[in-house]
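Structural overview for review
Here are the chains, one letter per residue:
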Amino acid sequence: MTNEIKNQFINDVQNLLEELYQINSFYLLNKYLKEKSTNSEFLQAMNKAPAFFQLTIHSFQYSAIMGLAKLFEPASRKSKNIFNFLNFIEANHHKIFSNVSQINSKLGSGNDIDHSTVKKHREQLEKVESIINNLISWRDKAFAHNDKKYFKSNGLISKEFPLTYKEIEYLIELSADILNSYQVAYNGNRTHTIPANVYDVDKVFLALRNF
């Protein structure tokens with residue numbers, strides 16, 4: 001039974017971090033392409049394939065919002081998300097980290113995982129509850145469903161449920177820190193969620209500018 005719980009922990013933390021890596025890739029590319037479109041030189045390059053870039057920007061935004069909202073869904077929705085992950089850790093930390101706790105105890109380390117660790121992370125998430133609620137509203141009212149109030153309305157969703165780049169970045173960073181804290185405690189591994197090759201699109205711009 002303990003091995004099953006440990007295997008579930010390993011699979012869950014790895015899969016959630018991999019998903020977060022993809023979400024961050026979508027987000028960073030969406031932001032980068034939007035920023036490039038404000039530069040006349042890059043805009044000229046993008047206008048050589050306008051449909052492609054317009055659809056690409058929209059697709060990256062859609063994927064980032066949908067993916068991040070899925071990660072921060074309420075625990076009651078019974079999906080793999082950060083809140084259900086914390087519930088799982090709270091119920092099973094003594095089985096998952098038992099050997100780690102014994103090693104830390106011998107070494108005098110204070111890196112044990114217990115109820116206080118989960119409590120701290122829940123408190124961090126509570127502080128950004130309004131941001132998470134706005135994110136879920138974006139997903140439910142404009143991306144996953146065509147809420148008639150926001151259907152084809154220019155910017156109404158962003159006015160009623162403001163969501164900034166800085167807030168999205170903070171949610172990504174916070175979730176990465178939370179998930180990595182358990183992975184590091186278990187096996188010493190940290191998963192970086194900032195892709196090194198996210199700006200390879202510059203090669204496309206170079207080719208278009210030289211075309």
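Residues numbered from 1 in each chain as written. Predicted model: local features only at pLDDT ≥ 70, side-chain atom pairs only at ≥ 80, totals over all residues. Heavy atoms only, no water.

Moving on to the pattern of salt bridges. All told, the structure shown has seven salt bridges when counted by the stated rule. One salt bridge in this structure joins Glu-73 and Arg-139, with 3.3 Å as the shortest N-O distance. Taken together, the residues Glu-73 in the loop between helix H3 (50-71) and helix H4 (82-96) and Arg-139 in helix H7 (residues 129-143) connect sequence positions 66 residues apart. Each member of the pair, Glu-73 together with Arg-139, is buried. In this structure, Asp-140 engages Arg-139 in a salt bridge whose closest nitrogen and oxygen atoms are separated by 2.5 Å. Note on Asp-140: relative accessible area 24%, which makes it partly exposed. The class for Arg-139 is buried, based on a relative accessible area of 7%. Members of the salt-bridge network, linked through shared partners, are Glu-73, Arg-139 and Asp-140. (Salt bridge = Lys/Arg side-chain N within 4 Å of Asp/Glu carboxyl O. Helix = DSSP H or I, 4+ residues; strand = E, 2+ residues; numbered from the N terminus. Buried < 20%, exposed > 50% of the residue type's maximum accessible area, 1.4 Å probe, protein only.)

Here we come to the nonpolar core. Among the nonpolar cores identified, the biggest contains 57 residues, and Phe-9, Leu-68, Phe-72, Ile-89 and Tyr-182 are the most heavily contacted of them. Counting only elements with at least two residues in this core, the list comes to helix H1 (2-36), helix H2 (40-46), H3, H4, helix H6 (115-127), H7, helix H9 (165-187) and helix H10 (201-210). In this structure, Phe-72 is in contact with Ile-82, Phe-83, Leu-125, Ile-132, Leu-135, Ile-136, Leu-171 and Ser-175, ignoring residues within four places of it in sequence. (Core = buried A, V, L, I, M, F, W, Y, C linked by side-chain atoms within 4.5 Å. Contact = heavy atoms within 4.5 Å.)

Packing of H1 against H9 brings their axes to within 10 Å, and their N-to-C directions diverge by 155 degrees. Between H1 and H9, the angle is such that the two are roughly antiparallel. Both H1 and H9 take part in a crossing whose hand is left-handed. Tallied by class, residues from the contact of H1 with H9 come to 14 nonpolar, six polar and four charged. (Axes fitted to C-alpha atoms, helices over the stretch in contact; angles between N-to-C directions. Parallel < 35°, antiparallel > 145°, perpendicular 65-115°, else oblique. Left-handed = near helix turned anticlockwise from the far one by under 90°. Nonpolar A, V, L, I, M, F, W, Y, C, P; charged D, E, K, R; others polar.)

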